[in-house]
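Each chain, letter by letter, is given below.
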Amino acid sequence: MEQNLQKDIVYEQIKEKIISGSFAMGEKISERMLEQLITANKAPIRDALKRLQAEGLVVRKAKSGTYVFSLNSKELLDLLNFRFVIESQSVILSFAINQERLIEETEKVIVKMKFALSSNNGEDYLYQDSVFHKNLVDLCENSYFISSFERISAIMNTARNRLGNNMEHMQKSIIEHQNIATAIKERNIGRVVTLLRAHILPDFGAYWKNFEHLVK
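A short tour of the structure in this document, coming up. In this text, all values refer to a predicted model and were calculated from it rather than measured experimentally. The residue numbering used here restarts from 1 in each chain and proceeds along that chain's sequence as written. Per-residue local features of the predicted model are confined to residues with pLDDT of at least 70, and side-chain atom pairs are confined, for both listing and counting, to 80 or more; whole-chain, interface and lining totals are unaffected and use all residues. Water and hydrogen atoms play no part in the side-chain values, which are based on all heavy atoms of the structure.

1. Observations concerning the overall build of the protein chain
Item 1. For the purposes of this entry, the term helix denotes a DSSP run of H or I that reaches at least four residues, the term strand denotes a run of E that reaches at least two, and both are numbered from the N terminus. What the protein chain contains, in helices and strands, is nine helices and three strands.
Item 2. For the protein chain, the succession of helices and strands along the chain, N to C, is α-β-α-α-β-β-α-α-α-α-α-α.
Item 3. Atoms counted for the radius of gyration: C-alpha only. Globule rule: 2.2 Å times the number of residues to the power 0.38. The C-alpha radius of gyration of the protein chain comes to 18 Å, within 12% of the 17 Å expected for a compact globule of 216 residues.
Item 4. Principal-axis analysis of the C-alpha atoms places the extent of the protein chain at approximately 55 × 40 × 35 Å.
Item 5. Per-residue accessibility, obtained with a 1.4 Å probe over protein chains only, is compared with the maximum for each type, and a residue is labelled buried under 20%, exposed over 50%, and partly exposed between these values. When the 216 residues of the protein chain are sorted by exposure, 44% land in the buried category.
Item 6. The contact criterion used throughout is that any non-hydrogen atoms of two residues lie within 4.5 Å. Pairs at least 24 residues apart make up 71% of the contacts formed inside the protein chain by residues separated by at least 6 positions.
Item 7. If you sum the accessible surface of the protein chain, you get close to 11,400 Å²; carbon and sulfur atoms cover 51% of it.
Item 8. His residues and chain termini do not enter the charge count, which takes Lys and Arg as positive and Asp and Glu as negative. Positions of charges follow a simple convention, taking NZ of Lys, CZ of Arg, CG of Asp or CD of Glu. For the protein chain, the separation between the mean place of its 29 positive charges and that of its 27 negative charges on side chains is 5 Å. Only the protein chains shown count as cover for residues, and the accessible areas themselves come from Shrake-Rupley with a 1.4 Å probe.

2. What about the pattern of salt bridges?
Item 1. Here, a salt bridge means any Lys or Arg side-chain nitrogen found within 4 Å of an Asp or Glu carboxyl oxygen. One pass over the full model with this rule turns up 12 salt bridges.
Item 2. Here Asp78 makes a salt bridge to Lys74, at a shortest N to O gap of 2.7 Å. In this pair, Asp78 and Lys74 both sit in helix α4 (residues 73–97), four residues apart, roughly one turn of the helix.
Item 3. The shortest N-O distance in the salt bridge between Glu105 and Lys108 comes to 3.8 Å. Of the two residues, Glu105 and Lys108 both sit in helix α5 (residues 99–118), three residues apart, roughly one turn of that helix.
Item 4. Within this structure, Asp8, Asp47 and Arg51 form a network of salt bridges that share partners.

3. Some points on helix α3 (residues 42–54)
Item 1. Multiplying one less than the number of residues by 1.5 Å gives the expected span of a helix. In this model, α3 (13 residues) spans 18 Å end to end at C-alpha, consistent with the 18 Å of a helix rising 1.5 Å per residue.
Item 2. Just downstream of α3 lies Gly56, where phi reads positive at about 85°.

4. Focus on the packing of aromatic side chains
Item 1. Note on aromatic pairs: the rings of Phe, Tyr and Trp (six-membered ring only in Trp) are paired at centre separations within 6.5 Å, and the planes decide the class, stacked below 30 degrees, edge-to-face beyond 60, tilted for the rest. Taken as a whole and judged by the stated rule, the model has zero aromatic pairs.
Item 2. Here, over-ring charges are defined by two tests on the NZ atom of lysine or the CZ atom of arginine: distance to the ring centre within 6 Å, and angle to the ring normal within 35 degrees. Looking at Arg51, its charged tip hangs above the ring of Tyr11, at a distance of 3.8 Å from the centre.
Item 3. The lysine or arginine in question, Lys61, covers the ring of Tyr67, its NZ or CZ lying 4.6 Å from the ring centre.

5. What to know about the nonpolar core
Item 1. Residues Ile14, Ile18, Phe69, Tyr125, Phe132 and Leu196 are the most contacted members of the largest nonpolar core, which totals 55 residues.
Item 2. For this core, the element with the most residues is α5, which contributes seven residues.
Item 3. Counting residues in hydrophobic clusters, the runner-up holds five residues, among them Ile86, Val137, Ile146 and Phe149. Residues enter a nonpolar core if they are buried and are Ala, Val, Leu, Ile, Met, Phe, Trp, Tyr or Cys, with the set joined through side-chain atoms within 4.5 Å.

6. What to know about the sheet that holds strand β1 (residues 28–29)
Item 1. Should DSSP find at least two bridges between two strands, the strands are taken to pair. Spatially, the three strands line up as an open sheet ordered β1-β3-β2, and their pairing is antiparallel. Each edge of the open sheet carries a strand with a single partner, namely β1 and β2 (58–61).
Item 2. Direction of pairing for β1 relative to strand β3 (residues 65–68): antiparallel, over a ladder of two bridges. Its bridge partner lying in β3, Lys28 is registered against Tyr67.
Item 3. The axes used here are C-alpha line fits, helices contributing only the stretch in contact, and every angle between their N-to-C directions lies in the interval 0 to 180 degrees. Together, β1, β2 and β3 form the strand contacts of α3, whose direction differs from that of β2 by roughly 105°.

7. Some points on the side chain of Gln128
Item 1. Tracing the chain through its elements places Gln128 in helix α6 (residues 122–138).
Item 2. Overall, the relative accessible area of 8% leaves Gln128 in the buried class.
Item 3. If near-sequence neighbours (up to four positions away) are discounted, Gln128 is found in contact with Val109, Lys112 and Met113.

Written out as structure tokens, the structure reads:
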């Protein structure tokens, strides 16, 4: 039990450093460096790296080492298209079966996002951003959509933290999130999907059009 707990702690520590950007996308990380940084021995670190590799957060290259994942332009576009399909279809289901909770939860997160923005707390703003989108999916109560979203959420959060932690992005972001929340409150699901498309996909105006700063 204690050994499994230690493995989970080490896994969460390394994962948090990837998502937060402490380990940059494409950066090489070694077991020795991790041992010194998080004060853990090799066994839980190796276990954590295997789990993170399975989740797509690290890549092991033969005769080279272990690296934090990076995305080329096609991979990022594929990811965003997948994300849009999952979120748009999930929110339609959420709207159908949990309409009042969807309205309530999106409004709650908008309040927290605005407070984080007014407090100049970029880290919390980006966290609330991820919660906003997670709620759209979780309330659909469909395990297949939820697990599909969870599969990419850590990668998306890493990308969001890399690209979105600046005032220009957050000022644009809060307007887009408020518009989505308003459309949900107005019970206009067609507009919600249209706004999500513009928010997520670069061809429709999302901030991801600047992804050259993100990809390798």
